[in-house]
Amino acid sequence: MPTHLIHLINPKTDSLTTRPLYMNRALYSPLAGLLAVAASIPRERYEVVLTDENIEPIDFDLKADLVGLSAMTSYVKRGYEIGDRFRSKGVPVVMGGVHPSFMPDEALRHCDAVVIGEVELVIERLLDDLEAGSMRGTYKSDKLHPMVGMSMPRYDLLKRNRYVNSTFVQTSRGCHQGCTFCAEPLMNGLKFRYRPVDEVVREMEECGSRIVSINDADFFGTPDRPKEVMRALKGRGFQWQAGVTSKLAQDDRMLELAAESGCTMLSIGFESISRSTLKSVHKHVNRPDSFAALVDKLHSYGIIVFGLFMFGFDGDDKSVFAETAGFTRQNDYDACAYSVLTPYPGTLTWYEMKKANRIVSFDWDKYDQGHVVYRPAQMTGEDLRLGVSETYERFYSWPSIASRFPVSGHRHRAQWLIYNLFMRRGSQTEGKRITAVAPPTAAPDLAPLPPILPTKREWRAAVLEGIGAVGPHLS
């Protein structure tokens, strides 16, 4: 029997996709990381309680031996509040996730320990220190996990009836795109690490759901590996979706296997319809002149296209909003998310904007891809915020939804409608909640440091300059 209790908490995100909007459900569960953390905790020693503050209140009176918090930048301040409250009660607190991994010294002001990067190779040491009363400081493995023999995420802790998409299976970590605005390669590396295919299939068979989201940064990242996974999934009755980049989504054999193995939707980071903008942020894989044909091709295989676009790049002026809304409507994108470029601390975009003195607000609550926290190059912050709202209004208007509805073909119409209804209502509530640019604040007194430094020489130099470090001793 377990003799100790660990309380894992996801602080309230209050985002478009994690806010319960229909039937008391959120579109996505944000708990994939904490389910993996829970899996690495020995069941014979610890009972685990899991709380997602987006759908339920936190029990601050629960008698826990340890509280574990995972946070991204936009809700790390809420994480700090929760950590402070538990520590005031004498409960040890550990934090992990993207923001604490990039800014551990800041996080340590509100917790006893920080896990930097992956948890699997440091959890045993952390729990031993906890029981010895010496858990403190940072815990970081000197190597990356090989992703072999990973424990099954604790799906038994998940309140499935509160989410549309609740089951996220990871088949790889890492991404070799290296986009300047993204934290993924700085957290998990530029090289892909793959789980054995049989372990992936076993998790999907045992996860308790036949509707699964593949939780990789880029499932189609290499030509051969995703085909191995999809061949293994054929005939098993799964419906799955994944995030991919546009290049290998052009591969007919890839799409044939996707359709045959149960793929219903692919989320694709198109980012911009401007080739020069994409090149400026190192998204070389995307070619806007092929976007329309790609959408048509995916539709021909019965696959829904969820397009992800970002506004506020230096090449964007006020015309970008109407052009993008028109492009996505005319080319029958099934669903789209439009976000504001956000210079997350520790990314190359952060260091470039910080050096140019363009970041206006350092209030982490506003780093939600909705607020404007920097000075855009060719428009005002107000123009950018208003333009994003107007793009959502155009794309998710009732006439647009009606004109884009998949009357013919084999796309999953119920899934299509759910996404459009959730995104329409979410964007409406988001527009009311976020009405202006973020107010100016003072800069933090601590600099972010990526868990993995960039390999590209000039990018590495930019990071080291930004943190005031010199020499090759950081890695």
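Everything here concerns the structure above.
Rules used throughout
- Residues numbered from 1 in each chain as written.
- Predicted model: local features only at pLDDT ≥ 70, side-chain atom pairs only at ≥ 80, totals over all residues.
- Heavy atoms only, no water.
- Salt bridge = Lys/Arg side-chain N within 4 Å of Asp/Glu carboxyl O.
- Helix = DSSP H or I, 4+ residues; strand = E, 2+ residues; numbered from the N terminus.
- Buried < 20%, exposed > 50% of the residue type's maximum accessible area, 1.4 Å probe, protein only.
- Phe/Tyr/Trp six-rings, centres within 6.5 Å; stacked < 30°, edge-to-face > 60°.
- Lys NZ or Arg CZ within 6 Å of the ring centre and 35° of its normal.

Student: I'd love a proper account of the pattern of salt bridges, names of residues and values included.
Tutor: Throughout the structure, instances matching the rule amount to 29 salt bridges. Residue R358 is joined to D314 by a salt bridge in which the shortest nitrogen-to-oxygen separation is 3.0 Å. Of the two residues, R358 is situated in the loop between α13 (348-355) and α14 (381-395) and D314 in the loop between β15 (304-311) and α12 (319-330); the sequence distance between them amounts to 44 residues. The exposure class of R358 is buried, given its relative accessible area of 17%. The exposure class of D314 is partly exposed, given its relative accessible area of 43%. Across the pair K456 and E458 runs a salt bridge, and its minimum N-O distance is 3.9 Å. Taken together, the shared-partner salt bridges connect K77, D363, D365 and K366 into one network.

Student: Account for the packing of aromatic side chains, with residues named and values stated.
Tutor: Enumeration over the complete set of coordinates arrives at 25 aromatic pairs. A ring pair is formed by Y28 and F168, whose centres lie 6.1 Å apart and whose planes are at 45°; its orientation type is tilted. Taken together, the residues span a long stretch of sequence, with Y28 in strand β2 (residues 26-28) and F168 in strand β9 (residues 168-169) at a distance of 140 residues. Look at Y28 and you get buried, because its relative accessible area is 16%. Taken together, the ring pairs connect F270, F291, F309, F311, F321, F327, Y333, Y338, Y392, F395 and Y396 into an aromatic cluster. Seen from the ring of F395, R404 lies directly overhead, with NZ or CZ sitting 3.8 Å from the centre. Above the ring of Y22, the side-chain terminus of R425 is found at 3.8 Å from the ring centroid.

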